[in-house]
Amino acid sequence: MHELPITERILEIVLKHASGHQIRKIVRIHLAIGALSDLEGEWIQRYFDYLSRGTLAENAELAIRPAPIVLRCASCSRSFEITRDELGHARCSACTESRVELVSGREYLIENMEVM
Amino acid sequence: MSDAVKLIEVKEEIQADNARVADGLRAQLAEKRTFLVNLMSAPGAGKTRTILRTIEALRDRWRFGVLEADIDSTVDAERVAAVGIAAVQLRTGGFCHLDASMVAKGLAALDLDSLDAVIIENVGNLVCPAEFDTGAVKNVMILSVPEGDDKPLKYPLMFTVSDVLLVNKIDYLPFSDFDLEAMRERVLRLNPRMQIFEISAKTGQGVDQWAAWLDGEARRFLGN
């Protein structure tokens, strides 16, 4: 639902990074988006196609890699990955403790971009 | 320029800008000694009524202001202002959440020197507001009984980023199959630090315990 402001930021950031280079266009943008976020990749691309018209990023493809949800056990401090479906039922794989803390899974990172 | 594709490293967090603005706002509010609380919930969970009850309970001690965010109306701000509380309406114009710069703009319209605490009534939505740091010191969420005890499973991020959960409309419990214990277990699994209070903003039940907690946090922040 909040894809629009996020997409505006993606465009701002890639154009900023493009400005120091001699490039004709941005071909592909690699993003890592935490599996806990509710962003819809299809909508980000649609907004991006609209917002990027007439810029170096016009027609660029957004390649989204889902970043894993990582939890830390509140008892033995071990970190482990889980899927979104397991979130409400997660137990530490080592000591079966059910109290856990979120370490990552919320990130929105622009990793790199392919340019010509 | 060649036709070869090359790679430019970006490594930039998309939310970094908002995080910076939020941290700046927190620092500025600490200096001004204004305690900022962000209240989030689904539409209709009772945010405005909870704010009114909370302020009523603590009004003798702290001077409150309210930032009301709405997609396109001023009804909530009018309800708050009607009882003599400084209120600013932020129309988000279709945006589903508040970010830190919108909050900063709203706070600029309040006379912070004459206020100890400001409560943000975020846009009614359990998804988007969870993603945007507003600059608040504490994040508080409401889950109301009619919404069901499965919401921690559906909106895990909201339950993860909140410090306090107010289970509102607790007077509705006898008419509902809401399982308080199951909900509590689901919430604490996501967020072992969550403070949970059962309240009815309508009858006032449980509001004192929640208000006492908030009072303690405000004292700690404001140093008296």
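See the structure printed just above.
Below you will find a few notes about this structure. (Residues numbered from 1 in each chain as written. Chains lettered and ligands numbered in written order. Predicted model: local features only at pLDDT ≥ 70, side-chain atom pairs only at ≥ 80, totals over all residues. Heavy atoms only, no water.)

**Quick notes on the environment of Ala211(B)**
All names here are of chain B.
Right, so step 1: Along the chain, Ala211 turns up in helix α8 (residues 207–222).
Right, so step 2: Sequence separation of Ala211 and Leu58 is 153 residues, and the distance between their C-alpha atoms is 6.9 Å.
Right, so step 3: Apart from residues no more than four positions distant in its own chain, Ala211 is found in contact with Ala57 and Leu58. (Helix = DSSP H or I, 4+ residues; strand = E, 2+ residues; numbered from the N terminus. Contact = heavy atoms within 4.5 Å.)

**Overview of the packing of aromatic side chains**
Right, so step 1: Tallied over the full model, the rule gives 6 aromatic pairs over all chains.
Right, so step 2: Ring geometry for Phe35(B) and Phe221(B): centres 5.5 Å apart, planes at 45°, overall tilted. Linking Phe35(B) in strand β2 (residues 35–41) with Phe221(B) in helix α8, this pair joins segments that are 186 residues apart in sequence.
Right, so step 3: With a centroid separation of 6.1 Å and an interplanar angle of 55°, the aromatic rings of Tyr172(B) and Phe175(B) are classed as tilted.
Right, so step 4: The exposure class of Phe175(B) is exposed, given its relative accessible area of 65%.
Right, so step 5: The ring of Trp43(A) carries Arg46(A) above its face, with NZ or CZ at 4.4 Å from the centroid. (Phe/Tyr/Trp six-rings, centres within 6.5 Å; stacked < 30°, edge-to-face > 60°. Buried < 20%, exposed > 50% of the residue type's maximum accessible area, 1.4 Å probe, protein only. Lys NZ or Arg CZ within 6 Å of the ring centre and 35° of its normal.)

**Details of the interface of chain B and chain A**
Right, so step 1: Contact with chain B, which involves 36 residues of that partner, is made by 38 residues of chain A.
Right, so step 2: Summed over both sides, the interface between chain B and chain A buries roughly 3,700 Å², with carbon and sulfur atoms accounting for 61% of that surface.
Right, so step 3: Broken down residue by residue, the surface that chain B buries against chain A is led by Ile8(B), Ile14(B) and Arg189(B), which jointly contribute 22%.
Right, so step 4: Counting across the interface, chain B meets chain A through 3 salt bridges.
Right, so step 5: Across the pair Lys16(A) and Glu12(B) runs a salt bridge whose closest N-O atoms are separated by 2.9 Å.
Right, so step 6: Applying the counting rule to chain B against chain A returns 15 residue pairs in polar contact (both at pLDDT 80 or more).
Right, so step 7: For the side of chain B that touches chain A, the residue count by class is 20 nonpolar, 5 polar and 11 charged.
Right, so step 8: Inspection of the sheet shows strand β6 (residues 108–115) of chain A paired to strand β1 (residues 6–13) of chain B by 6 bridges, in the antiparallel sense. Bridge pairing in β1(B) links Asn112(A) to Glu9(B). (Buried area = accessible area lost by both parts, 1.4 Å probe. Salt bridge = Lys/Arg side-chain N within 4 Å of Asp/Glu carboxyl O. Polar contact = N/O pair within 3.5 Å; in protein donor to acceptor, adjacent residues only side chain to side chain. Nonpolar A, V, L, I, M, F, W, Y, C, P; charged D, E, K, R; others polar. Pairing = 2+ DSSP bridges.)

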